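Letter by letter, the chains look like this.
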Amino acid sequence: MKRFARAAVLGAGVMGSQIAAHMINAGLEVTLLDIVPETLTEEEEKRGLELSSHQVRNRFALGAVERLKKAKPSPLFRTEWADRIVPGNFEDDLERLKDADIIIEAVVESLPIKQSLMEKIAPFVSEHAIVTTNTSGIPIHKIGEGMAEGLRKRFLGTHFFNPPRYMRLLEIIPTQWTAPEVVAAVREFGEKDLGKGVVIAKDTPNFIANRIGIFAFLLTFRLMEKWDLTVEEVDALTGKLIGHPKTATYRTADMVGLDIIAHVAKNVYEMASDDPQREIFNPPEKLQALMEKGWLGAKTGQGFYRKTKEGIEVLDLKEMTYRPKKKVSLPILDKLQPYEDPIRRLQLLLKDESPAARFVSELMLGMLNYVATQVPEISDRIEDVDNAMKWGFAWKHGPFELWDALGVNVLLEEMEKAKMAPPELAHRVQATEAGSFYVYHDNVQYVFDPVSGEHRPLERPDWWILLKEKGTSSRKIKENPGATLWDIGDDVACLEFHTKMNAIGGDIIAMIDETIGRVESEMRGLVVANHASNFSAGANLMLLLFEIEDENWEEIDFAIKQFQDAFLKLKYAQVPVVTAPAGMALGGGCEICLAADRVVAHAETYMGLVEVGVGLIPAGGGCKESLIRAFEGLPEGYEGDYFPFVRSVFETIGIARVSTSAEEARKYHYLRREDSVCMNRDALIHQAKAMVLAMDAQGYRPPRPPENLVAMGDDGRALLELGIYYMEEGKQISPYDAHIGRKLAWVLTGGDVLPGSRVTEQYILDLEREAFLSLCGEEKTQERIRYMLQKGKPLRN
């Protein structure tokens, strides 16, 4: 089927409008339709509008577009893209559906309303278009029952997790009528265009992720009472400790909304009459009481937690009153503190007899038992269940990965001790030669197939390159404690960082130094990438602070020079160098990208030169590269005013601007026009590798040193310092911010040179290093570095 170019979204509520926004992020043309209002608002009457007015008839869609512009976090990669959405209504604009390749219905969660709308749009759906319904629990087949046979083949369910831009999971739910090629087309669209992690779910109540996630929440709620634990104690035990998000159970519930949780639970309770754990889904009395009080979580200002002027308060579920949040003090937490691996912690928890440990053990045993009883009812694929929980609920390990990690035999024994009925699926796996859900054989990973009862090769897209030796074609070339150099095939190497937060220190710099010579002589090019949440948070501030406190100024100067030289080697390597950032690429992490020939950035890349936040300025080439990019595109022999370009760089670095997406990074010149954006995180290294090969095939030659670096000298610096003066006088910045600003202005205007002088890259690098070193010696900079290391945020002193 052809690639989708035009989409129509039906329903301009929160979910529909944000799905429309993400379609815009993906580059589609998007129409957003909703109902026609029956009455005028007071404001519309004041403006003299009538029910027939265009603005009134399109009120809901127009209002949704305006709300998208103000929403935080933004559903759009760039806020101004909201105006690309074409608003309309269900009465005047159904003709537009004839041009749509995919139509996504996202109206209110009501079966009759959805069925009625499907009947209404049917005459306007083209013969090639796919129609989906976005729902969190309504049976998909019931919505499609009345459709003509031709349309039913092109109809299925999609369950986007909210907010669609940021939540990775997309559940696709085919009906018994959906054509396989339609499922394949929507899956490819979800993965490649929308950047989603796609799983195929069966048309059962609440599909995969919500079925399991809500069960886990409700089981937690019940076990909390059994083991006499508080809200904050439960959150301390069910968050990062066991590989779940730090928001754990009750902070997550407040974010989702207790009304949403109750609705999903009620849906399973009413529709899954054969579920052996059906009673778990009957919302408990205490949860019903919270609903009646309107304490629904963040949306109403209070749920299990609430924020007051005095601080955070926590709900006492026994008394149904709030009290100040207490520091959690459980002996088991101290016992587990030395262990970072959640699996190791869970192994110890299963053996511990303390009440808190028994609570976690019963929770994990109950959840793992339940999941195993639901397959193959909710899905035929073990890996889809695991991925649904990792992508939808941010679990570090999926349920069946936990079965393997903790041991199928061990868990069955523990379940027997707990008098839980052992799941048949686990016994079937136990009886196989592997004795586990996943197994490696001849460097290929296999997964248990619950339908055939045998292990089959785990399917991965050909665009998924993994930086590990087991089960992949990647080969380790060289490694040190901070970085590894991989051969990822076709004579392309990949440099992977693996320090904490991928902070750049001596090991990474040494590996860059070794890598360039080796790659130039043996390979066609280099990718710089990793699988971590963040590409790189910048230089290792802890090591820098140690050197500052020891007053090792010569060592610091030498280290900065090594940084600069390493990044220059990347820039002028004889083979193409492509960086592939995702997550945070800050400070030195951003500078590595600025030094590369090309960047293939994941859509959710947050780039910025943020050094001023810790009292420093960029010194790995960030100032120099920013100036080069500011002057790019100026005609040869340009004799105009350079100040607007220098001022733009000064503002970007001085304010420590960080892009909120890869697309916004273009606005700040962190990315160039020729750099590309990849929607799917798992395809990032593959796309970067493809760019390396394309550049090599075109006869790559390294760039020439810039010849357009013009220094503004005293004239430009005086203008920048005047702006700094007014900002300080207006209390917009602190006196020390002004001091840092003057240092930055000195570097960006070329220091002590005549206005209009042409300078070299190395000259600007020397100024960067000199300013950085002088700021290291300032007590207020040292305070800022300490504060950042302790609090994780900038100090304004």
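Calculation rules
Residues numbered from 1 in each chain as written. Predicted model: local features only at pLDDT ≥ 70, side-chain atom pairs only at ≥ 80, totals over all residues. Heavy atoms only, no water. Helix = DSSP H or I, 4+ residues; strand = E, 2+ residues; numbered from the N terminus. Rg over C-alpha atoms; globule rule 2.2 N^0.38 Å. Contact = heavy atoms within 4.5 Å. Areas by Shrake-Rupley, 256 points an atom, 1.4 Å probe, with all protein chains shown as cover. Lys, Arg positive; Asp, Glu negative; His and termini not counted. Charge placed at Lys NZ, Arg CZ, Asp CG, Glu CD. Pairing = 2+ DSSP bridges. Axes fitted to C-alpha atoms, helices over the stretch in contact; angles between N-to-C directions. Phe/Tyr/Trp six-rings, centres within 6.5 Å; stacked < 30°, edge-to-face > 60°. Buried < 20%, exposed > 50% of the residue type's maximum accessible area, 1.4 Å probe, protein only. Lys NZ or Arg CZ within 6 Å of the ring centre and 35° of its normal. 1 Å grid on protein atoms, 1.4 Å probe; cavity = no way out; pocket = protein on both sides within 12 Å on 5 of 7 lines; lining within 4 Å. Points joined across faces, edges and corners; volume = space filled by probe spheres on them. Expected span 1.5 Å × (residues − 1). Parallel < 35°, antiparallel > 145°, perpendicular 65-115°, else oblique. Nonpolar A, V, L, I, M, F, W, Y, C, P; charged D, E, K, R; others polar. Polar contact = N/O pair within 3.5 Å; in protein donor to acceptor, adjacent residues only side chain to side chain. Patch = residues over 30% accessible without salt bridge, like charges linked within 9 Å, V, L, I, M, F, W, Y side chains within 5 Å. Salt bridge = Lys/Arg side-chain N within 4 Å of Asp/Glu carboxyl O.

1. Details of the overall build of the protein
No. 1: Scanning the protein for helices and strands turns up 32 helices and 25 strands.
No. 2: Its C-alpha radius of gyration of 29 Å places the protein within 12% of the 28 Å reference for a compact globule of 797 residues.
No. 3: Considering only residue pairs separated by 6 or more positions, the protein has 68% of its internal contacts joining residues 24 or more positions apart.
No. 4: Summed over its atoms, the accessible surface of the protein is roughly 35200 Å², and 50% of this surface lies on carbon and sulfur atoms.
No. 5: A distance of 2 Å separates the average location of the 95 positive side-chain charges in the protein from that of its 119 negative side-chain charges.

2. Here we look at the sheet that holds strand β9 (residues 305–308)
The strands making up a sheet are joined through hydrogen bonds of the backbone, oriented either antiparallel or parallel.
No. 1: Judged by pairing direction, the sheet is antiparallel, and its three strands sit side by side in the order β9-β10-β11 without closing on themselves. Two strands close off the open sheet at either side, each with one partner strand: β9 and β11 (321–324). Averaged over all pairs of adjacent strands, the angle between strand axes in this sheet comes to 40°, irrespective of strand direction.
No. 2: In the sheet, β9 pairs with strand β10 (residues 311–316) via four bridges, with the strands oriented antiparallel. Its bridge partner being in β10, threonine 308 is matched across the sheet by glycine 311.

3. Points about the sheet that holds strand β21 (residues 598–602)
No. 1: The strand order across the open sheet formed by seven strands is β15-β16-β17-β18-β19-β21-β23, and the pairing between neighbours is mixed. Looking along the sheet, the strands with just one partner apiece sit at the ends: β15 (475–480) and β23 (676–678). Ignoring which end each strand starts from, the neighbouring axes of this sheet average 20° apart.

4. Comments concerning the packing of aromatic side chains
No. 1: Counted by the stated rule, this structure contains 22 aromatic pairs.
No. 2: Measuring from centroid to centroid gives 5.2 Å for tyrosine 638 and tyrosine 642, while their planes differ by 85°, and the two rings are edge-to-face.
No. 3: On the basis of relative accessibility, which here comes to 12%, the residue tyrosine 642 falls in the buried class.
No. 4: In this structure an aromatic cluster arises from ring pairing among Phe217, Phe221, Tyr250 and Phe304.
No. 5: Positioned over the ring face of phenylalanine 60 is arginine 59, at 5.5 Å from the centre of the ring.
No. 6: A cation sits over an aromatic face here: lysine 293 above tryptophan 295, 5.0 Å from the ring centre.

5. Points about the environment of valine 125
No. 1: Mapped onto the fold, valine 125 is located in the loop between α5 (111–121) and β5 (130–134).
No. 2: Linking valine 125 and glutamate 664, residues 539 residues apart in sequence, is a C-alpha distance of 35 Å.
No. 3: Setting aside anything within four residues of it in sequence, one finds valine 125 in contact with Ile103, Val131, Leu151 and Arg154.

6. Concerning the layout of surface pockets
No. 1: In this model, the second largest pocket occupies a volume close to 1400 Å³.
No. 2: In this structure, the second largest pocket is lined by 44 residues; those nearest its centre are Ala537, Gly538, Ala539, Asn540 and Leu541.
No. 3: If you list the elements that add at least two residues to the lining of the second largest pocket, you get α21 (506–522), α22 (541–549), α23 (553–571), β20 (583–586), α24 (588–595) and α32 (779–791).
No. 4: Looking at the lining of the second largest pocket, the element that brings in the most residues is α23, giving seven residues.

7. Considerations on the pairing of β5
No. 1: Within β5, five of the five residues are buried, which leaves the element mostly enclosed by the surrounding structure.
No. 2: Alternating residues of β5 divide into Ile130, Thr132 and Asn134 and Val131 and Thr133, and every residue in both groups is buried.
No. 3: One ladder, built from four bridges, connects strand β4 (residues 102–105) with β5; its direction is parallel. In the sheet register, glutamate 105 faces β5, and the bridge partner there is threonine 133.
No. 4: Alignment of β5 against strand β6 (residues 155–160), held across four bridges, turns out to be parallel. Counted as the bridge partner of threonine 132 is leucine 156 from β6.

8. Quick look at helix α4 (residues 59–70)
No. 1: Taking 1.5 Å as the rise per residue, α4 with twelve residues should run 16 Å; its terminal C-alpha atoms sit 17 Å apart, in good agreement.
No. 2: Residues of α4 that are buried: Arg59, Ala61, Gly63, Ala64, Val65 and Leu68.
No. 3: Those residues of α4 hidden inside the fold are in contact with α1 (14–25), β2 (29–34), α2 (42–46), α3 (54–57) and β3 (86–89).

9. Some details on the packing of helix α16 (residues 355–373) against helix α19 (residues 408–417)
No. 1: Between α16 and α19, the shortest axis-to-axis distance is 10 Å and the interhelical angle comes to 110°. Our classification of the angle between α16 and α19 gives roughly perpendicular. Judged by residue contacts, Leu365, Leu368 and Asn369 of α16 engage Leu411, Glu414 and Met415 from α19.
No. 2: Its residues placed into classes, the contact of α16 with α19 shows four nonpolar, one polar and one charged.

10. A closer look at the environment of aspartate 93
No. 1: Assignment of secondary structure puts aspartate 93 in the loop between β3 and β4.
No. 2: Residue aspartate 93 is classed as buried on the basis of its relative accessible area of 11%.
No. 3: When the C-alpha positions of aspartate 93 and aspartate 34 are compared, they lie 9.7 Å apart, and in sequence the two are 59 residues distant.
No. 4: Only 2.8 Å separates the side chain of aspartate 93 from the backbone nitrogen of asparagine 89, close enough to count as a polar contact.

11. Remarks on empty space enclosed by the protein
No. 1: A complete count under the given rule lists four cavities of 30 Å³ or more for this structure.
No. 2: What lines the largest cavity is simply Leu594, Ser626, Arg629, Ala630, Ser648, Val649, Thr652, Ile653, Tyr668, His669 and Tyr670.
No. 3: When contributions to the lining of the largest cavity are tallied by element, the ones reaching two or more residues are α25 (622–631) and α26 (643–654).
No. 4: Counted by class, the lining of the largest cavity contains six nonpolar, four polar and one charged residues.
No. 5: The computed volume of the second largest cavity comes to approximately 70 Å³.
No. 6: Around the second largest cavity, the lining comprises 13 residues; the ones closest to its centre are Phe567, Ala595, Gly620, Gly621 and Lys624.

12. Describing a positive patch on the surface
No. 1: Among the surface-exposed residues, Lys240, Lys246, Arg251, Lys325 and Lys500 lie close enough to one another that they form a single positively charged patch.
No. 2: Checked against the element boundaries, lysine 500 lands in the loop between β17 (492–497) and α21.

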